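Overview (structure and organization)
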Amino acid sequence: MNSQANRYIREVLHHTETPPPVQARFFYTSPLAIDDPLSPLPPLATTAAAASKQPPRPFSDYDNTALDKAWHELRRKVLEYYEQRGEKPGERVQKRSARDGKEVQRTRESNISEERSGKRQSLDLRPNTPTPQDNRRYASSSIRKHRQDNGLADMSVGGSRTGRSTDASTRHAETPTNSLRALDATTMPADAGITSTTGTPFIRSPSRREVPTRAQASVKHTTRPELQALDSYDWKDVEDTAVQEEQAQQRRLAKATTGPSAKVPVGVSRLHHVTMPHLQMEPIYWTPVNDIASVIRATWFYKDTMLPIETPVANMLEAGYVELRPWTETWQDELKSAAEVGAAGEMKILHMLWPERVKQPESRPGTSRGSMTAAVAPVITDTEVDAPGKELERAVEAACDIIDISSGPGGHDNKAAGTSSYGRYGPTRTYPASGVIYASLTEAYILKPNLQPSSYYGRRPYASYIKKGRKLGVAVVRGFDQAAWDKLYPPKKSATLAKAQEGVSSSQSGAPPNRRQKLDADLAKSKRPNVTDLVLVVHGIGQKLSERMESFHFTHAINAFRREINVELGVDAVKAGLRKDAGGIMVLPVNWRHSLSFEEGGYRDGPEDPQLNKYSLKDITPETLPSVRNIVSDVMLDIPYYLSHHQPKMIAAVIREANRIYQLWCMNNPGFAESGNVHLIAHSLGSVMAVDILSKQPTHMPPHLSDPTTADLDALEHFLFDTGCLFLAGSPAGLFLLLKRASLLPRLDHCKPGSDPASNTALVCGEEGTYGCLAVDNVYNLINPYDPVAYRINATVDATYAAALKQAWVPPASPGWFSGYANPNSNWTASSAVGLRKPPIPRLPSNVELEIHDFTREEVAEKRMYLLNDNGQVDWFLRYGGAAWEIQYLTMLGAHSSYWVLKDFVRFVVGEVGREKGREGARLGLGAVKRKVQLS
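Residues numbered from 1 in each chain as written. Predicted model: local features only at pLDDT ≥ 70, side-chain atom pairs only at ≥ 80, totals over all residues. Heavy atoms only, no water.

**Thoughts on the layout of surface pockets**
Here is the rule: Whether a set of points on the 1 Å grid over the protein atoms alone is a cavity depends on a 1.4 Å probe fitting there but being unable to get out, while an open set qualifies as a pocket with protein on both sides within 12 Å along at least five of seven lines; lining residues are those with an atom within 4 Å of a point. Grid points are joined across faces, edges and corners, and a volume is the space filled by probe spheres set on the points. Secondary structure elements are defined from DSSP: runs of H or I of at least 4 residues count as helices, runs of E of at least 2 residues count as strands, and each element is numbered from the N terminus. Throughout this entry, Asp, Glu, Lys and Arg are counted as charged residues, while Ala, Val, Leu, Ile, Met, Phe, Trp, Tyr, Cys and Pro are counted as nonpolar. The remaining residues, Gly among them, count as polar.
Taken as a whole, the second largest pocket holds about 1,300 Å³ of empty space. Along the wall of the second largest pocket there are 38 residues; nearest its centre are Asp 35, Trp 485, Pro 491, Lys 492 and Asp 522. For the lining of the second largest pocket, the secondary-structure elements that each account for two or more residues are strand 1 (25-29), strand 2 (57-58), helix 3 (61-84), helix 16 (482-488) and helix 17 (495-503). A breakdown of the residues in the lining of the second largest pocket according to their chemical character gives 21 nonpolar, six polar and eleven charged.

See below:
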């Protein structure tokens, strides 16, 4: 064994002093703060580019602990994954036939003759047992192979190291070209042996004849090639062709597999998860809408902002940290000596952040003490022709190997990972030609060339600035400092935020909220952490437009609506009106339109005839007014599509998406199917589709669907759940009931809580499958008076009975209004109790009226109304607009989409979902009131 290999093994692989574990922190880049219940909506022009301009946000302490734990567990699984797929050539050779054995023997004899003739050199490095340092090397190669197999070469790694900075000639002399490049497959001979032990301990140093030039390597390998899966201690044993082909086949199969992965739920409500190792934050329950956020695992941070340093730069800093060992007393002695010597001494402690392009040396120089970076990092030479950025990429990859070697497979992962999209003040930087001075265990300073120590110019940055605590260059720190972050970015405080924190609830997704509440500060203030009511919101027309204009996307509106729900649940007056077992209310969007396309044209029955004329919407759309026509086609055409043969397809899309969300929710929240409640809010055309679906919904869920987590969603033609409350907002359902000459009816044998058993008759109720006969507990039709799409529904139950009812208004969301609901005996002024007073005693009818009045029909209508809604009516109007200077036709334009931002609507939904069930739980003031009879 030559002296260079001995030195490498002694100083690198046998080095037992590991760097201290870094306090890593996970950040995500998104305009929506997942831990803030009052986070504002994304900007109107939120795109991937706009999101990248947002500074990254740190995950909470609780989430960061879970993410870091999952990261290290995944790292261990990655090592085991590739170790289990490691090839065992010794075992395969023993299993070969005698014919194969003869071929192996002939190959060995041929190799021996080559060695005797000087054509081949061999080096026996066979130890008895693998060392822990062998496993460190194996950890490096396995993790790098996992990154390459998953396309993560740039994302999960970053950083490299070079030797200590002196003058240029010294650095060139200390940079080995091929002495220790055996770690890189570029310089490995094709017939390198394979080991049957765990790891990749030592690789034979190639002879000068076998080492290709850098220019040749650059041409043959545009990227750094992968290490061989296994290595052998016996360099004289060369496997036969069949064994090599088997190895290649297994390597191809290993690359075809995706490898281990993990998903970690994050956020205060657990509506997002982070996928590993790709490090992306995605929504769990709805289709992503430009809200897939990049996640980074940061290890080094800017001292003045505590924002993470760009991933490649962070790993370069960590690589230098591993080499120079600033955590030791030796380094502190070197700093003291450098300050005493002067500029020349400080030049010795400067570490160059990136390796320099050097000339191809003619011989293989020795490896000086401490130049571990130079021993492993790829050398960038003038003879190489690399694509832009490829040099830094190779340096980053080699730096990650060094960091892995320093900690070993069972140690702490000190690498940064992820794709950085935001730098110190916005744009990302790599700090080329910069040097680093490690001033302490956790602090370092990045210095550009004109700030670096120089004996020629007499510059002494360490003694004159850094040692005295004066600002110089870019100050960075190793490990995240939560106290410094809180000082730089103090948490917001407001009364509204306090209410939202009390009302916020969370999906389980692992740890139950009650248990998590003790450890997670973001959930600690919640009064109802467990979700008892799930509200699914079905959108109407116009979601095709969101593909062109993201601000119209339904998901953003529901995110804002969920935020308002949390605020209302924190209001004392609202909490007083909730049932005793009421928990949190979770609102999730049902985005069904994105999965449909109607561009195939009209319906054709029978076999396809090639002579038929085929055309699409694009073919019949004139080219004039393209913007207007696109809006019309994306918004208004959903209605004629629904009236066409596409209706079954649209209904199936709603059922499939709602069931998918519910099934996923039950998987993440065990026990919810038995104890939880599901409600629907349907807007616009979605309300018509909800009426269609609930008309055919089974009265009782079949027994084989009692466990929704095992249901086959493709085979279902109905919802996988029973619906409690159905809220129709901006609904044209009344018009569709009129067109089909149907009535709104309660379902026979649908025994909702508190209902009158005497009303469960065929005279009052309808059968399953009858259009308008809904399998729900309560129906609410909420109307904005300025919404031209909304229609009444009371008359579809009974026109005469509806005409006798006063028009009902949703009470305003004022403090006194809900206080009255909580305390019916409180005193009210005339202005604050409008609509809340008990109805007056009705006037007794005259004898003539008694003779001509059809009491049987009125009784049936009244029973139907109370079966459809505990309040005895279905229609409620919302207060909207009405200012003296208002133009009604302009107000009309935004009325149809205004429901999600109206506090009256939000509070009404919270009150009805959270109240006691049955007529006894109906809130005072919402009951039906008949008009006064005028005496003639």
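**A look at the side chain of His 750**
Note the cut-off: Throughout this description, a polar contact denotes any pair of N or O atoms lying within 3.5 Å of each other; where both atoms belong to protein, one of them has to be capable of donating a hydrogen while the other can accept it, and for residues adjacent in sequence the pair is counted only when both atoms sit in side chains. A contact between two residues is defined here by any heavy atoms of the two lying within 4.5 Å.
Tracing the sequence through the fold places His 750 in the loop between strand 16 (745-746) and strand 17 (773-774). In terms of polar contacts, His 750 uses its side chain to reach the side chain of Asp 777, at 2.9 Å. Each residue touching His 750, except ones within four places of it in the same chain, is listed here: Thr 699, Ala 775, Val 776 and Asp 777.

**Considerations on the confidence of the model for the protein chain**
Quick reminder of the rule: By definition, pLDDT measures how confident the predictor is in each residue, and it falls between 0 and 100.
In the predicted model, the protein chain carries a mean pLDDT of 74, and the fraction of residues at 70 or more is 66%. pLDDT under 50 marks residues 149-243. Its contacts with residues more than four places away, or in other chains, come to 287 contacts. Throughout residues 816-839 the model reports pLDDT below 50, and contacts reaching past four residues in sequence, or to other chains, amount to 33 contacts.

**Examining the sheet that holds strand 8 (residues 351-352)**
Hydrogen bonding along the main chain pairs the strands of a sheet, whether they run parallel or antiparallel. Counted only if it meets this: A pair of strands is treated as paired once DSSP finds two or more bridges between them. Lines fitted to C-alpha atoms define the axes here, with helix axes fitted over just the stretch in contact, and angles between the N-to-C directions of these axes take values from 0 to 180 degrees.
Spatially, 7-11-10-9-8 is the arrangement adopted by the five strands of the open sheet, whose pairing is antiparallel. Across the chains shown, the open sheet's two edge strands, defined by having one partner strand only, are strand 7 (300-302) and strand 8. Docked against the sheet, helix 10 (residues 311-324) engages strand 7, strand 8, strand 9 (435-438), strand 10 (443-447) and strand 11 (474-478), running at close to 50° with respect to strand 9.

**What about the packing of helix 19 (residues 554-569) against helix 34 (residues 903-914)?**
What counts, and what does not: For a crossing to be left-handed, the near helix must be turned anticlockwise from the far one by less than a right angle; the clockwise case is right-handed.
It is at 10 Å that the axes of helix 19 and helix 34 come closest, and there the two elements cross at 65°. Our pair here, helix 19 against helix 34, has a crossing hand that is right-handed. Mapping the contact onto sequence places Phe 561, Glu 564, Ile 565, Glu 568 and Leu 569 in helix 19 and Lys 903, Phe 905, Val 906, Arg 907 and Val 910 in helix 34. Residues that form the contact of helix 19 with helix 34 fall into these classes: six nonpolar, no polar and four charged.

**Observations regarding the environment of Arg 741**
So the rule is basically this: Whether a residue is buried, partly exposed or exposed follows from its accessible area with a 1.4 Å probe, protein chains only, as a fraction of its type maximum: under 20%, in between, or over 50%, in that order.
Among the structural elements, Arg 741 can be located in the loop between helix 27 (733-739) and strand 16. On the accessibility criterion, Arg 741 (69% relative accessible area) is exposed.

**What about helix 17?**
Heads up, the rule is: The arc under discussion is defined with respect to the helix axis, by the directions toward the C-beta atoms.
Among the residues making up helix 17, those that are buried are Leu 497, Ala 500, Gln 501 and Gly 503. All buried residues of helix 17 lie within an arc of 170° about the axis, which places them on one face of the element. Packed against the buried residues of helix 17 are helix 19.

**Some remarks on the environment of Leu 451**
Position of Leu 451 relative to the elements: it lies in the loop between strand 10 and helix 15 (461-466). The spatial distance from the C-alpha of Leu 451 to the C-alpha of Gly 435 is 9.0 Å, given a sequence separation of 16 residues. Here Leu 451 is in contact with Arg 459, Pro 461, Leu 472 and Gly 473, once residues within four sequence places are set aside.

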